[in-house]
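Report on the structure
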Amino acid sequence: MVADSKRGVGRQIHLPLGRAFLISVKSIKIRFWRSVITAAGIFLGIAFLVSVLAQLALQAPPVPKEFAYPNVYVRGMVKRPLDKSMEPGITAKSVIETAGGYATKADKRTVTVVKKEGDRVILDFENAATPDTRLAAGDLVFVPDSGGRLKQLIVALVVLTAAIVGLVLCQRVADRKKRIVSTTAVIVLGIFALSFGLTHSGLTPPKTPKVTVVQSYHTRGELKVPTDQPAGGGVTLEKALATSGGFAGNADRRHVIVIKRNAPKKQVDLKTAQGAALARTLTLGPGDLVYVPDATARNRQIWLVIMSLVVCTIGISNSMLMSVTERFKEIGTMKCLGALDKFVVELFLLEAMLLGVGASFAGWVVGFGLMALLAGATQGWGLLLQLTMVEILRMLGIAVGVGTALTTIATIAPAIRAAQMPPAAALRVEI
Amino acid sequence: MTANEYVVRTKDVAKEFTMGGTTLRALDGVNLDIFRGEYVSIMGPSGSGKSTLFNMIGGLDKPTGGSVFINDVDMAQLDAQELAYLRCRTIGYIFQTFNLIPVMTALENVTLPTIFAGMPTDDGTERGIELLKMVGLGDRLNHKPSELSGGQQQRVAIARSLANNPAIILADEPTGNLDLKTGKEIILLLKELNKDHGVTIISATHDLKMIDVSDRIVWIRDGKIERIEERSEIDLQVGELEGVES
């Protein structure tokens, strides 16, 4: 097992890496909460870094939605509510006729026309002198219920009575916690029932139905005239940029982003000949978006990435330095028991790597998740479809790579220093 | 192992510390030969240099002058791997502050040196249990150091020092953190090991109870050996010395 040296003393064996691995896994598990605190330093740095990267990946705005209103609509107290395709000369009266005329409970005095833009016109058709009105595509004619007021009154009375009875019953519940929960539930239910009853009593016009269409391409960002133009006939990127009046002053021509409706996101560098050639051949279809980023914003973001790297480095070095120094005495003891310097260093490096991988992965999940949630909630969830799998995986790679590398590098110096100390000196250290 | 009668020899060992520009001579030419199977106490007041001598003999620090021989091998000639081998198998250490690994159980602490010696896990565990039973902690295998009393922790440390059957046990103030009764128990345990297993025990201490069990007492003052007494010479004085703190 051990070859005796000339001096009559054996040479200490190198333990296999697996042994060090098992010990370091155990060490992390045993001092779990201490490890969590160390990992938190790594985690926060990486989460910050990834959130900045995610922001970069999500800088293009969502593709604008386009709507069409091909019909006029009749709703409320008519015999047959309908959608009628727009023809010239349709009026409010004629469309009510088409809908089979008024129902018995129709309130002819307050017929409401909701224009496409949202304006409302109220017409009194009980009075024969009221002039008819012409309709345009997207207009909605609503005939209210003559018994609507009465319905609202009844609903209000029923709901209020039920709520009062409910609240009285709730106060008799003995358990304080259950009482609060049930009281809240009654109040919420009451408010919900009341608002539902009041809006569905035949007095409020429904929303105008609209049809989503996709027919234009869109240009956004640092252009003189960002525009939405019909996308037929193979418009090239170059032409689209020209139609938008060309680049604005601080346009970032190196990172023009093209988001195709049914293809992965492309980034074109228009300062290279290759990019310019691509701009002449790349055609835009309906629903495609060209985004020209702001060059100064990009510089700001690069600055943020650098800052987040600095924060990462400081946070991680601090965590790892502490976690090594506070164990000097333990290292001294291990060396007294026959541990080689190499084994001590291995132990700390493996532990650092395990912590680094785990914490950076968590940092990626949280940093990316938070940014995605924020962008989705503020700009529409459709925006997230712009992210490609490659971008997401690249962020994961950067997070785990940077996190693990920084953690390991930050551990090497203190670990080697601790391992090379004479055991007597390491044992004297008091923290 | 050589059949030499000396297990440890020091030759003109000196150690200087430099602190804030001033040089402190902690050891000043110490010559000491220790026989195989002997129980030696190194006595002296605090700051006399006995802990420094302990570190030199144990290979935990390097002398600035002179040499230390373990089994006739000059420690200064050894590389890191050979020193580690020596610390692992030839010498067992016991400290005043026990120095157990706080996050490991008693059994894991005792098993650690067997891991470093390359012993298979099962054999190491078996050995650890056997040793802990021997020091009277057979029912405390899975307790952490914080769940044990000072005396029990020192017993774990003694079991650990024996893990790889060392020829020498070095004890630095082993009773320093213990009360009188527990200290006495630990001293008796060390003596028992010395008698039954033939382990050489070298103990730096200022606990006068040690005198009772020692074969020789080395008195150190100001980094120099003041005198070396055989047990037989001082037998009569023990009663008078007990209770007197140096």
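Everything in this summary refers to the structure shown in the same document. (Residues numbered from 1 in each chain as written. Chains lettered and ligands numbered in written order. Predicted model: local features only at pLDDT ≥ 70, side-chain atom pairs only at ≥ 80, totals over all residues. Heavy atoms only, no water.)

With respect to the overall build of chain A
Across its full length, chain A holds 12 helices and 14 strands. For chain A, the spread of C-alpha atoms along the principal axes amounts to about 125 × 80 × 35 Å. A burial count over chain A gives 42% of its 431 residues as buried. Looking at chain A alone, contacts between residues at least 24 apart form 71% of all its contacts between residues at least 6 apart. Approximately 22700 Å² of chain A is accessible, and the part contributed by carbon and sulfur atoms is 65%. Side-chain charges in chain A split into 50 positive and 28 negative, and the spacing between the mean points of these groups amounts to 7 Å. (Helix = DSSP H or I, 4+ residues; strand = E, 2+ residues; numbered from the N terminus. Buried < 20%, exposed > 50% of the residue type's maximum accessible area, 1.4 Å probe, protein only. Contact = heavy atoms within 4.5 Å. Areas by Shrake-Rupley, 256 points an atom, 1.4 Å probe, with all protein chains shown as cover. Lys, Arg positive; Asp, Glu negative; His and termini not counted. Charge placed at Lys NZ, Arg CZ, Asp CG, Glu CD.)

Re the sheet that holds strand 2 (residues 71–76) of chain A
Residue and element names in this part refer to chain A. Pairing within the open sheet is mixed, and its 5 strands lie in the order 3-2-6-4-5. Across the chains shown, the open sheet's two edge strands, defined by having one partner strand only, are strand 3 (82–85) and strand 5 (120–123). Here the average twist between neighbouring strands, direction ignored, is 20°. (Pairing = 2+ DSSP bridges. Axes fitted to C-alpha atoms, helices over the stretch in contact; angles between N-to-C directions.)

Concerning the packing of helix 5 (residues 150–161) of chain B against helix 6 (residues 180–197) of chain B
All names here are of chain B. Between helix 5 and helix 6, the least distance of the axes is 10 Å, while the angle of their chain directions is 15°. Considering their axes alone, helix 5 and helix 6 lie roughly parallel with respect to each other. Between helix 5 and helix 6 lies a crossing of right-handed hand. Of helix 6, the residues touching helix 5 (which contributes Gly151, Gln154, Arg155 and Ile158) are Thr182, Glu185, Ile186, Leu189, Leu190 and Leu193. The residue inventory of the contact of helix 5 with helix 6, partitioned by class, reads 5 nonpolar, 3 polar and 2 charged. (Parallel < 35°, antiparallel > 145°, perpendicular 65-115°, else oblique. Left-handed = near helix turned anticlockwise from the far one by under 90°. Nonpolar A, V, L, I, M, F, W, Y, C, P; charged D, E, K, R; others polar.)

Let's talk about the pattern of salt bridges
Under the defined criterion, the tally for this structure stands at 36 salt bridges over all chains. Ionic pairing is found between Asp269 of chain A and Arg254 of chain A, a salt bridge with its closest N-O pair at 3.5 Å. Of this pair, Asp269 of chain A sits in the loop between strand 12 (266–268) and helix 7 (273–281) while Arg254 of chain A sits in the loop between helix 6 (237–243) and strand 11 (256–259); the two residues are 15 residues apart in sequence, bridging distant segments of the chain. With a shortest N-O distance of 3.3 Å, Arg127 of chain B and Glu130 of chain B are connected by a salt bridge. Taken together, the positions of Arg127 of chain B and Glu130 of chain B, both in helix 4 (residues 121–134) and 3 residues apart, correspond to about one turn of that helix. Since its relative accessible area comes to 47%, Glu130 of chain B is described here as partly exposed. (Salt bridge = Lys/Arg side-chain N within 4 Å of Asp/Glu carboxyl O.)

With respect to the sheet that holds strand 10 (residues 224–230) of chain B
Residue and element names in this part refer to chain B. As summarised here, the arrangement of the 6 strands in space is 6-7-8-3-9-10, forming an open sheet in which the pairing is mixed. Two strands lie at the open edges of the sheet, namely strand 6 (91–94) and strand 10, each paired on one side alone. For this sheet, the mean inter-axis angle between neighbouring strands, taken without regard to orientation, is 15°. Bridge count between strand 7 (residues 168–172) and strand 8 (residues 200–205): 5 bridges; the pairing is parallel. Residue pairing in the sheet places Ile169 in a bridge with Ile201 of strand 8. The strands touched by helix 2 (residues 80–90) are strand 6 and strand 7; relative to strand 6, the strand with the most contacts, the crossing angle is about 70°. The strands touched by helix 6 within the sheet are strand 3 (39–43), strand 6, strand 7 and strand 8, with strand 3 carrying the most contacts at an inclination of about 140°.

Any link to function would need more than the numbers given here.
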